[in-house]
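For reference, the chains in residue letters:
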Amino acid sequence: MAEAERIIGTPDSPEAGAAEPEKDGGAGSSAAPARGRRRIAALFAVAVLAYALDLGSKLLVVAKLEHRDSIQVLGDWLQLEVIRNPGAAWGIGEAFTIVFTVIAAAVIVVIARLAKKLYSTPWAIALGLLLGGALGNLTDRIFRAPGVFEGAVVDFIAPKNYPVFNLADSAIVCGGILIVLLSFRGIDPDGTVHKD
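Owing to the predicted nature of the structure, the values given are computational and were not obtained by experimental measurement.

K.L.:
Before we move on, could you go through the packing of helix α5 (residues 121-143) against helix α6 (residues 167-184) and cite the residues and values that matter?
P.N.:
Here α5 crosses α6 at 150°, and the two axes come no closer than 7 Å. When the axes of α5 and α6 are compared, the pair comes out roughly antiparallel. Handedness of the crossing formed by α5 with α6: left-handed. Contacts between α5 and α6 involve P122, W123, I125, A126, L127, L129, L130, G133, A134, G136 and N137 from the former and A168, D169, A171, I172, C174, G175, G176, L178, I179, L182 and S183 from the latter. For the contact of α5 with α6, the residue count by class is 15 nonpolar, six polar and one charged.

This is the structure in structure tokens:
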């Protein structure tokens, strides 16, 4: 969490405050809060969309495909196959389901806490993808068997020679890639662009 706060800045940090528009009644002072609210709205809209797609797809595949043969989408290269995964990718850490639950919850708290300093649309999209994906997998961890905070995540997208995943995982990976690209381009969440 400390690394995320260092990159994004915290609501009370002097660095985040320094990047804010002037608040002394200048021409841009009323536009900045509205712009920030639009970025927060974009973040939560992306998160809700990612979460809804993940939840809907899981409900559908559990109802229609679980306990059935896999469906070939692109021959052996891509199949739909429902598995319950208590761990991470490749089934790693199956005994640490509670740890993954805590990590997902921490990601959600950090993103929600730091959203008020967001003035960059690309960062809003990236964080929205992370938030929606984390919420999707956290929902499984809380509400699916074998029990609260120990539930197995529903995975169903099965590429050849790759771990089975779901739409929440895709959202998290896409959000992470976007954050890396924004960082390489020197774009901060507050809209500041570094030219170095």
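Let us keep going from here.
K.L.:
Report on α5, specifying residues and quantitative values.
P.N.:
Under the 1.5 Å per step criterion, the end-to-end length of α5 is 32 Å for 23 residues, consistent within 8% with the ideal 33 Å. With respect to burial, α5 is a largely interior element, 17 of its 23 residues being buried.

K.L.:
Account for the packing of helix α4 (residues 97-114) against α5, with residues named and values stated.
P.N.:
Two numbers describe how α4 lies on α5: the axes approach to 9 Å, and their chain directions differ by 145°. Crossing of α4 against α5: the hand is left-handed. Counting all contacts with α4, which are made through T97, F100, T101, A104, A105, V107, I108 and I111, the residues of α5 involved are L127, L130, L131, A134, L135, L138 and R141. For the contact of α4 with α5, the per-class residue count stands at twelve nonpolar, two polar and one charged.

K.L.:
Could you give an account of the nonpolar core, naming the residues involved and the relevant values?
P.N.:
If you look at the biggest cluster of nonpolar residues, it comprises 18 residues, and the most contacted ones within it are L43, I111, L118, W123, L127, L131 and I179. Looking at this core, the elements with two or more residues in it are α3 (31-64), α4, α5 and α6. In terms of residue count, α5 provides more of this core than any other element does, eight residues in total. L43 has contacts with I111, A115, L118, A124, L127, G128 and L131, leaving out every residue within four places of it along the chain. V61, V82, F156 and I157 belong to the second largest nonpolar core, which has seven residues in total.

Cut-offs used in this document
- Residues numbered from 1 in each chain as written.
- Predicted model: local features only at pLDDT ≥ 70, side-chain atom pairs only at ≥ 80, totals over all residues.
- Heavy atoms only, no water.
- Axes fitted to C-alpha atoms, helices over the stretch in contact; angles between N-to-C directions.
- Helix = DSSP H or I, 4+ residues; strand = E, 2+ residues; numbered from the N terminus.
- Parallel < 35°, antiparallel > 145°, perpendicular 65-115°, else oblique.
- Left-handed = near helix turned anticlockwise from the far one by under 90°.
- Contact = heavy atoms within 4.5 Å.
- Nonpolar A, V, L, I, M, F, W, Y, C, P; charged D, E, K, R; others polar.
- Expected span 1.5 Å × (residues − 1).
- Buried < 20%, exposed > 50% of the residue type's maximum accessible area, 1.4 Å probe, protein only.
- Core = buried A, V, L, I, M, F, W, Y, C linked by side-chain atoms within 4.5 Å.

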